[in-house]
Amino acid sequence: MPAVVRDRVHEEGFAWVDAAGRRTSEMPATLFGGEGIVAEYEILRGDLAHILVEATRGDVEYRFGDRITALTDGDDGVRVAFRSGHTARYDLVVGADGIHSGVRALAFGPEARFIRRLGAYTAYFTMPAQPDLDPHWFLMHGIPGGRCAGIRPEDGRTAKAMLSFRARPGTADPRDVDGQQRLLAEVFAGAGWRVPLMLDAMRDAPDFYFDVVGQVHMPRWTAGRVALLGDAGYCASPLSGLGTSMSLVGAYLLAGELARAGGDHPAAFAAYERLMRPYVKQCQQLPPGGVRGMLPDSRWAIALRDLSTRMMTRRPLAGLMAKQAAKADAITLPAYA
């Protein structure tokens, strides 16, 4: 926890801005006890990954730049083949490899069975810092046509850029980076605020990410000696703001139940499913308005969204938002020895 506190993004909240950069509504991080849309502890994915690796490096063998290509589940373990040609047998395999999990595809079937698309796409990447923007606020700009651009300040030298849009009928689903960037350039052509700067930075970004906005729903997260964890098993979509919490809670429960079961992995897997299911069900409930609320179609709808954001900080809507935010505390974690 001290490392998380040290490396967290010092974000005071998020605000919607118009094309001139004027704030139209905002939501401070102090709302809802620091557990709102912007929480007390906001940390970038890469920084959290680094903390976890450093905390476990002495106990874990890491193989970077490889992936699993085949699984053979048996009574005495799982035989695993890697793209590099390496093979090994393991007691258990835990797929924690995201919404497009390769482990899930090998052990449970094609992803089309499990991914529920929510009708939007999002891109995220690093861009140069914008010194004239508030360095402590995540600023977002709504654009008619179901589009949104956001800039999250980082360290004074760089910022994180976000471009999200509602899918149109027949929207292509490009898998190549060039195709994804062309699609974004077409969708956001003519948009104001900082969007032209963002599109320019996108082409040179070293960490460009683009994906469908969706959820993962599965009847079971375990089969034989294989289990799924985090987005691989129960992605709630970026709209929930709870992906990291779900992943860490799930990891804690899975590890704790495996230790408690003393080698009886079927019992541990059953307990993991039983404890985690109600929490996941709550976390996968989308905030009011869902994708349409985040990405309105018209200027009138954007103005209404701004009004609702202002109202969320006041009664009675503040109570509904507090209930939504309280999902972070919607599970009691067992104390494992």
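Whatever comes next refers back to the structure up there.
Residues numbered from 1 in each chain as written. Predicted model: local features only at pLDDT ≥ 70, side-chain atom pairs only at ≥ 80, totals over all residues. Heavy atoms only, no water.

A.B. asks: Could you give me a rundown of the environment of Met 162, with the residues and numbers involved?
C.D. replies: Of note, Met 162 is situated in strand β10 (residues 158-166). C-alpha separation for the pair Met 162 and Arg 225, spaced 63 residues apart in sequence, amounts to 38 Å. (Helix = DSSP H or I, 4+ residues; strand = E, 2+ residues; numbered from the N terminus.)

A.B. asks: Explain unusual backbone geometry residue by residue, including any values.
C.D. replies: For Trp 193, which is not glycine, the phi torsion reads 55° and is therefore positive. Looking at the element boundaries, Trp 193 is found in the loop between α4 (177-187) and α5 (195-202). Judged by its relative accessible area of 13%, Trp 193 falls in the buried class. Positive phi outside glycine occurs at Ser 237, with the angle close to 85°. You can see Ser 237 is positioned in the loop between α6 (231-234) and α7 (243-261). (Buried < 20%, exposed > 50% of the residue type's maximum accessible area, 1.4 Å probe, protein only.)

A.B. asks: Can you explain the layout of surface pockets? Please cite residues and give values.
C.D. replies: Picture a little ball the size of a water molecule; that probe, rolled over the atoms, points out where space is still empty. Roughly 290 Å³ of internal volume is contained in the second largest pocket. Looking at the second largest pocket, it is lined by 20 residues, and the ones nearest its centre are Pro 135, Pro 153, Glu 154, Asp 155 and Gly 156. Counting only elements with at least two residues in the lining of the second largest pocket, the list comes to β9 (147-153) and β10. Looking at the lining of the second largest pocket, its residues break down into nine nonpolar, five polar and six charged. (1 Å grid on protein atoms, 1.4 Å probe; cavity = no way out; pocket = protein on both sides within 12 Å on 5 of 7 lines; lining within 4 Å. Points joined across faces, edges and corners; volume = space filled by probe spheres on them. Nonpolar A, V, L, I, M, F, W, Y, C, P; charged D, E, K, R; others polar.)

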